[in-house]
Amino acid sequence: MEQLTPAKVTPADPPGGAAGEAEKRRALRKMKLVALSFLIGATVVFLLTSWAQSSGWPAWVGYVRAAAEAGMVGALADWFAVTALFRHPLGLKIPHTAIIPNKKDALGNSLGEFVGSNFLSEEVIRDKLKRVEIARRLGAWVAQEDNAERVTSELATVVRAAVKVLRDEDVQAIMEQAVARRIIDKPWGPPLGKILQGVFADGAHHKLVDLMCDRAYEWVRDNHTTMLRVVSDRAPSWSPKFVDEMLADKVYGEVLSFAWAVKTDVNHPMRLALDKFLGEFAQDLQTNPDVMARAEQVKGQIVHHEEVQRLIGSAWSTAKEMLLNAAEDPSSELRRRVRAGLVSLGSRLVSDDQMRGKVDGWVEGAAAYLVKNYSQEITTIITDTVERWDAEETSRKIELQVGRDLQFIRINGTVVGALAGLVIYTVAELLF
């Protein structure tokens, strides 16, 4: 099978786009002309002084000639050195030239190792983060209302995007499996009995009992005719009507008195019997297998009821709509609470040294963990990116960025070479 090689890519353009690149190209050409003019100047001086020296001019011409000659040599040597970085001088494939195109991958590996050793070490990261005081700066920034509102707005955008990406049927399936099924599969009797036992022991149910007694008394009081009819309907057919009415009035009065007594007397035997029954029921839910089994039957009937199933199915849709509305409305209670929480958190980060120390410790620990375990992957981004760059284009881009400054090497080589040649010639004349 033919082996595929990764496609070469060009490095990113310099800041400023095409206009910025064109400006740098013009500046580079200009500096190259300046450096070349120094070489041409040294060459012209060398030729003129050579002619003057052969024509018998005074001895000082020799000093100028030596300086010009050394300047020419320095300019040519530095031209060769600068050019050899980016290409083969004069197109001649001389060894150890076109260094950047040929050593691009090695330079990328060296750069990656340098960054990993000097910037992605645990000690460097911890020291830098400790001096930066991220918690204090973050707290001071987020404690301002405008900044807290900005963070809240960004969080709302993230929430909206996340909620819209999720598929409703997937979320509903997860809710049914992770939430609803766990609730359904777990027995209801013991936990429900434990809750009811605590409620009954605290007497929190008495208000409900009071309400039931009040409603029972009011019903009996307001349904005199109904009770009379019930008693009359159940009386023997041979019984005189006036006897039925007297009996019905008597029964109604007794029931009304009983309802009033239950309503007004908190220690009424009926109430005490009800408390006893409820306490025993709560205990049976936890220990009695028959009662627990009946509770499971009731649970099954409730869970599989059509309305309950519809409620479970629409839970995510309802929650999603509420969440989206709250996230989109800047005045919603959710966003107000988040904004207030951020301001409060920022103020605490500024004033609470202990909390600030914890946050800084968490940040340092997280950064140190990433550096310790993933520094190799981070530096690989550098090496892999450089390896994918096209060699010639990379050389051109780098020369465009630093080539103008490198032309000063050629200029300095000409000047320094001329001075060195003058000194050497002078010393030689003095000694010999």
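Bear in mind the structure is a predicted one, so any value in this text is a computation, not a measurement.

Colleague: Would you explain the confidence of the model for the protein chain in this entry?
Modeller: In regions of low pLDDT, the predicted coordinates are not meant to be interpreted in detail. Overall, the prediction assigns the protein chain a mean pLDDT of 81, with 88% of residues at 70 or greater. For the protein chain, per-element mean pLDDT is lowest for helix 8 (residues 168–185), which scores 66, and highest for helix 2 (residues 60–86), which scores 91. Per-residue pLDDT stays below 50 along residues 1–5; that stretch engages in zero contacts with residues further than four places along the chain or on separate chains.

Colleague: Would you mind going over the side chain of Asp360 with me for this structure?
Modeller: Mapped onto the secondary structure, Asp360 falls in helix 17 (residues 353–388). The side chain of Asp360 is buried and forms no salt bridge, while Arg356, the nearest opposite charge, is found at 5.2 Å. Apart from the residues within four sequence positions on either side, Asp360 is in contact with Glu133, Ile134 and Ala135.

Colleague: It is not clear to me how the nonpolar core should be interpreted in this structure. Could you clarify?
Modeller: One recurring pattern in soluble globular proteins is that nonpolar side chains are buried together. With six residues, the main nonpolar core is built from Val115, Leu120, Ile125, Leu129, Ala367 and Val371. Excluding anything up to four places from it in sequence, Val115 contacts Leu120 and Ile382.

Colleague: Could you clarify how one ought to interpret the environment of Ile381 in this entry?
Modeller: As for its placement among the helices and strands, Ile381 is situated in helix 17. Linking Ile381 and Gly112, residues 269 residues apart in sequence, is a C-alpha distance of 8.3 Å.

Colleague: Whenever I open this one, helix 13 (residues 269–287) confuses me. Can you help?
Modeller: Each α-helix winds once per 3.6 residues, and so residues spaced three or four apart point in a common direction. The first and last C-alpha atoms of helix 13 sit 27 Å apart over 19 residues, in line with the 27 Å expected at 1.5 Å per residue. Arg271, Leu278, Ala282 and Leu285 are the residues of helix 13 that are buried. Down the axis of helix 13, the buried side of the element spans an arc of 60 degrees, and every buried residue falls inside it. Opposite the packed face of helix 13, turned more than 90 degrees from it, sit the exposed residues Pro269 and Lys276.

Colleague: Would you take a moment to explain the side chain of Arg339 for this structure?
Modeller: Looking at where Arg339 falls in the secondary structure, it is placed in helix 16 (residues 333–351). Accessibility expressed as a relative area gives 16% for Arg339, which makes it buried. What Arg339 contacts, discounting residues up to four positions off in sequence, is Glu145, Ala148, Glu149, Thr152 and Pro330.

Colleague: Please clarify how the packing of aromatic side chains should be interpreted in this entry.
Modeller: Each pair of aromatic rings is reported with the distance of its centres and the angle of its planes. A complete count under the given rule lists four aromatic pairs for this structure. Residues Tyr63 and Tyr425 carry aromatic rings whose centres are separated by 5.0 Å and whose planes lie at 85 degrees to one another, so their mutual orientation is edge-to-face. Taken together, the positions of Tyr63 in helix 2 and Tyr425 in helix 18 (residues 391–431) put the pair 362 residues apart, joining distant regions of the chain.

Colleague: Hey, could you run me through the UniProt feature "transmembrane region" (unreviewed entry) in the protein chain in this one?
Modeller: Residues annotated in UniProt with the feature "transmembrane region" (unreviewed entry) correspond here to residues 33–52, 64–86 and 408–428. Note that residues 64–86 is 100% helix and 0% strand, and that its end C-alpha atoms are spaced 34 Å apart. Counting secondary structure, residues 408–428 comes out at 100% helix and 0% strand; the distance between its end C-alpha atoms is 30 Å.

Colleague: Is there a simple way to think about the packing of helix 6 (residues 134–142) against helix 17 in this case?
Modeller: For any two helices packed against each other, one specifies the inter-axial angle together with the distance between the axes. Following both chains from N to C, one finds helix 6 and helix 17 inclined at 115 degrees, their axes separated by 8 Å at the closest point. Along the contact surface, helix 6 presents Ile134, Ala135 and Arg136, while helix 17 presents Arg356, Val359, Asp360 and Val363. For the contact of helix 6 with helix 17, a count of residues per class yields four nonpolar, no polar and three charged.

Colleague: Looking at this structure, I do not really get the packing of helix 4 (residues 104–118) against helix 17. What am I missing?
Modeller: As a packed pair, helix 4 and helix 17 sit with axes 8 Å apart at the nearest point and diverge in direction by 165 degrees. It follows from the interaxial angle that helix 4 and helix 17 lie roughly antiparallel. The chirality of how helix 4 crosses helix 17 is right-handed. Contacts between helix 4 and helix 17 involve Lys104, Asp105, Gly108, Asn109, Leu111, Gly112, Val115 and Gly116 on the former and, on the latter, Thr379, Ile382, Thr383, Val386 and Glu387. Taken together, the residues of the contact of helix 4 with helix 17 sort by class into four nonpolar, six polar and three charged.

Conventions and cut-offs
Residues numbered from 1 in each chain as written. Predicted model: local features only at pLDDT ≥ 70, side-chain atom pairs only at ≥ 80, totals over all residues. Heavy atoms only, no water. pLDDT = per-residue confidence, 0-100. Helix = DSSP H or I, 4+ residues; strand = E, 2+ residues; numbered from the N terminus. Contact = heavy atoms within 4.5 Å. Buried < 20%, exposed > 50% of the residue type's maximum accessible area, 1.4 Å probe, protein only. Lys, Arg positive; Asp, Glu negative; His and termini not counted. Salt bridge = Lys/Arg side-chain N within 4 Å of Asp/Glu carboxyl O. Core = buried A, V, L, I, M, F, W, Y, C linked by side-chain atoms within 4.5 Å. Expected span 1.5 Å × (residues − 1). Arc of directions from axis to C-beta. Phe/Tyr/Trp six-rings, centres within 6.5 Å; stacked < 30°, edge-to-face > 60°. UniProt positions renumbered as here; feature names shortened; annotations may be inferred. Axes fitted to C-alpha atoms, helices over the stretch in contact; angles between N-to-C directions. Nonpolar A, V, L, I, M, F, W, Y, C, P; charged D, E, K, R; others polar. Parallel < 35°, antiparallel > 145°, perpendicular 65-115°, else oblique. Left-handed = near helix turned anticlockwise from the far one by under 90°.

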